[in-house]
Structure formats: structure tokens, C-alpha cells
Amino acid sequence: MHALTRRHVLLGGLGVATTAALTACASGEGASSTSTRAFGSPSPVSPAAGQKVVEKSLTARPVTLDLGGRTVSTWAYGDAAPGPLVRATAGDLLRVTLDNQLPTDTSIHWHGIRLRNAADGVPGQTQDPIAAGSRYVYEFTAPDPGTYFFHPHVGVQLDRGLYAPMVIDDPDEPGRYDAEWILVLDDWIDGTGTSPDEVLKKLVADGGPANGPMGGMDHGSMGHMGADPWGDAGDVTYPLFLINGRPPTDPEVLRAKPGQRVRLRIISAASDTIFTVALGGHRMSVTHTDGWPVEATDVDALYIGMGERYDAIVTLKDGVFPLVARPFGKTSGGQAMALVRTGSGAAPGAGTSPDELTGQVLIGSELQPAALAKLPPREPDAEAQLTLNGSMKPYRWGINGAPFGENEPLTVKAGQRLRINATNMTMMTHPLHLHGHTFALPSGLRKDTVLMAPMQSFAIDLDADNAGDWMIHCHNIYHAEVGMMIALNYVS
């Protein structure tokens, strides 16, 4: 995602990308290298008395990965995708050093964490871009337990291998489960005959769907999936879908004993895909969304959008079972799958279709919050309007009638409760993501990323308790990169 630069590469209405902009996208550099606002190094953070410090070093670099016998060149943290888990306990001070060995600028955004503004990882908004060959230290306290992940906030780098899980443990967690599995879902195209930058360039140039190496995209109008809820849910044809960096032809095997209770931490690091997730032969009890507890809800399957996270508890049966993440509305590229093995039996094939996929499928925004997760009752002090706009032909996306850099930031004063009246005026589903805060839906459900179906509206409330300049954007990386973003700035 481009940095805040008041750029002029998107012109008029929702904007048409110029040749210069497309050249920047193709090089992977983007607008972050042209920001006129300088930040320098953030002030060091000293731990409070008794505060634990968790230190971690990450290296972003070009790598070659084996995806089930298919060799791809990409960028990743370390030697694998997903990158290494970062884990701490709520209240800890994290000190993470990024060594940028990529051929271009990068950053890290700590997705979903209510951290200090200087550590949010948005070049041009909260920091200078991290130049190739340089290092940068992120320091922040993670206040809330939950399931999170991290990724760059430069160009379309997320659609490479630059993502990794992050877990902030609850010191008061009662447990009540025997094992924990972290499941990172992804749609994969990098190194398969094209790159995310080339995909973006083609989307903008064609004003329509991008064709990956396996051919065309089944992209129609709202309702092409019949009674399904999301209308058009993606623009890109992906040749592979992964769970924990592995395709269904070479799945990860998750081992446990029959009768054990397992906590699933499901993270979508996808860039353009909504998944339906199910564990064959089992029902899941959903306990958290985006880190916040909900009233436990038993379901056959759940939808998960780009940037969302769900925790669920499963009591395992005896045998071998497919854990499937099926792309919504996409017929090419198959599906993502892992195997759960608690006993003997033949493994199901890569194309297996558990009955649970067509059972009771959860739409996450319909969950009910746990009592302790609700915001205190309060009328809003201020309101703002946020409208998602855009089209496929020409390929342009924006908020409040203009692309990022052309639209006016939303503003809030410290201490206010702000109500954002968000409306999706497009014929596609968009995952709306807010930095530096969580918001409450009208039910009280706390989230930082929510799927908005075509023509859907939400009134979302947030407490302005984390001063700074922040971002709100669609977490479809291609929509964000061409302009579906807006700033949320604190004012005096």
C-alpha cells in the first residue's frame, strides 16, 4: 500500500493511474520513496518498572521457496513463508529489529495491534520508509491479547511472502484446550510466471480482471454466486492457495489425539480472496474475532476475509480429516488444505469437499460480543461519513468519492467517541480495516477488520484514545494500492 504523499499519480474522480505510477508499481518501489514528510528515527522506548521486554530480529530478503514441488522466487521474512512467529504477553514491550535485505523500500505494519502511532509501519504517515540495506527498530507495547499478524505497508508487497503470525497471550487465559494450531491462509501468485506488481499493472492497464498463468478470471456481476453473500469477492486469478505456506498437494499434517480440544488461530494473510474454512467431520466453536472474545458460537464453517482472524475450539475425532479453506467465487487454483491426523486412515485428496462447507457458515459480523469485550455505553460525540466507491472498468477504487491523496482525511479529537457511518457503494465485497484502534459494530462486536458486502452499511464506533495520524482502508491489497484508503487524523 502506497504511503501518504498527496500524490498526483491518481487524477480526477476516483483516478486513472499514469504511466509513471505504473512504472513505480512494476518496480515495487511505489510512492513511499517520494514522500515529502520526513520522520527520522522514533524516540527510544524505555520499559516501565516490571515490564517484560520481548526482542526479536527479522530479515526481509529474496528467497526461493518450494511450494509442493513448484519452485518460486519471492520475498519473505527469513527462509520461509509465513515468517517466524512473534509471541508476547499482553502488556509486554516488544522490540523488533527489521533488517531490510530487499532491493527496495519496505516497512512492517502490526495488523490489529493498538500500538503507539510511531510504530504503525506506514511510510509517509508514521515513519520514513526502510531503505534497502538498512535496519529499523519497532518498539511498542501490545496492550490486548489476541491473534494478529504483520506485513509490509508498501506497494503490493503483502502479496509476496512477507507476512507472519503474531500472538499476544492473555495472562489470565483459562486455557481449557490441549493444543494450539496457528493456521495462516494465503492466495499465491508471486514467482508463478508473474509478480504482484505485474498483476497490479495489468489490472490498471486493462481496467479489468488480471489473468494469471492459468488463464481467465470468473468475474461477473453481483449475485453471480446465487444466494451466497459476497457478490464479487476478488479480481485476481491465483494458481495456488496455501495453509502455512503449503499447497494441498503437500499439506501440513497437524497431529493430536482423539478427544483432545484444540484451539485454532486462523489468520487470513490473503490479498484478494475470501475463504470458507471448515474441518471435515467436525463443528467449530468460534470464541474470538480479531483478538476479541465473543459468545461461543458453534458452526460448520466460517467465512474469513483478507486481514481477519478467528479463534475456534474443536474437539477432535479419531481418524484423518481435511481442514479446507475454499476460495469464495474463484474456480481456478483449487483450494487450500491441511490435514488433521489423530489416528490411522488414508489422507483425503487435494480436491476433497467436506460437507461442512455447505452447512452452517458463519458470517463473522453476526457474532455477539462477550460482555467484557463491549465498549462502555456512550453516545457518539462526533460522526463521520465513509463511502467505498469504485469500479472494475476502469480499475479505480476510492473512499468518499476520490482516491487516497485526493480525499479529505477524517478527523477526530482525543477523548471523543467517533461514529463512522460506513457504506459500501460498490458491487464487490471489501474488508474494511482500521489502524491503531478497534471499533464496535452496532451489536457491540469488537473488530479491526470487517467484511462489507455490496451495498452494505455499518455504523462503527471507536474511542479516540490513541492519538496520531492513522489509516482506514480496504484490505484487498490491489484496491488499497489504487486508492481505497483514507486517513483518520487526530486534531486539537
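On a predicted model such as this, the values are computed, not experimentally measured, just so you know.

Let us look at the sheet that holds strand β7 (residues 146–151). Sheet architecture is open: four strands sit in the order β3-β8-β7-β5, paired in mixed fashion. Of all the strands in the sheet, just β3 (86–89) and β5 (109–111) have a single pairing partner and so form its edges. For this sheet, the mean inter-axis angle between neighbouring strands, taken without regard to orientation, is 25 degrees. As defined by bridge partners, β5 adjoins β7 across three bridges and the pair is classed as antiparallel. What sits directly across from W110, in β7, is F150.

Counting 128 residues, the largest nonpolar core has W110, M166, L386 and Y478 as the members making the most contacts within it. Setting aside its immediate chain neighbours within four residues, W110 contacts V96, L115, A119, D120, Y138, F140, F149, F150 and M166. If you look at the next biggest cluster of nonpolar residues, it comprises six residues, including A301, V324, M337 and L357.

In this model, the largest pocket occupies a volume close to 590 Å³. Lining the largest pocket are 26 residues, and of these E173, P174, R263, H288 and P293 sit closest to its centre. Among the elements of the structure, β8 (164–169), β12 (261–268), β14 (284–289) and β15 (292–299) are those that each provide at least two residues to the lining of the largest pocket. The leading source of residues in the lining of the largest pocket is β15, at four residues.

Our next topic: the side chain of D235. Within the secondary structure, D235 is located in the loop between α2 (196–206) and β10 (240–243). Of the side chains with opposite charge, K330 lies nearest to the buried D235, which makes no salt bridge, at 7.6 Å. Of the polar contacts made by the side chain of D235, one reaches the side chain of H479; its length is 2.8 Å.

With that settled, the discussion passes to the pattern of salt bridges. Considering all chains together, one arrives at 25 salt bridges under this definition. Put simply, E139 and R95 hold a salt bridge, and the shortest N to O gap is 2.6 Å. Of this pair, E139 sits in strand β6 (residues 135–141) while R95 sits in strand β4 (residues 93–100); the two residues are 44 residues apart in sequence, bridging distant segments of the chain. For E139, a relative accessible area of 10% translates into the label buried. In this structure, R265 and D169 form a salt bridge, with 3.9 Å as the shortest nitrogen-oxygen distance. A residue pair is termed long-range when its members are at least 10 positions apart, and R265 in strand β12 and D169 in strand β8 qualify at 96 residues.

Basis of the calculations
Residues numbered from 1 in each chain as written. Predicted model: local features only at pLDDT ≥ 70, side-chain atom pairs only at ≥ 80, totals over all residues. Heavy atoms only, no water. Pairing = 2+ DSSP bridges. Helix = DSSP H or I, 4+ residues; strand = E, 2+ residues; numbered from the N terminus. Axes fitted to C-alpha atoms, helices over the stretch in contact; angles between N-to-C directions. Core = buried A, V, L, I, M, F, W, Y, C linked by side-chain atoms within 4.5 Å. Buried < 20%, exposed > 50% of the residue type's maximum accessible area, 1.4 Å probe, protein only. Contact = heavy atoms within 4.5 Å. 1 Å grid on protein atoms, 1.4 Å probe; cavity = no way out; pocket = protein on both sides within 12 Å on 5 of 7 lines; lining within 4 Å. Points joined across faces, edges and corners; volume = space filled by probe spheres on them. Lys, Arg positive; Asp, Glu negative; His and termini not counted. Salt bridge = Lys/Arg side-chain N within 4 Å of Asp/Glu carboxyl O. Polar contact = N/O pair within 3.5 Å; in protein donor to acceptor, adjacent residues only side chain to side chain.

So, to be careful, I would describe these as geometric facts and stop short of saying anything about function.
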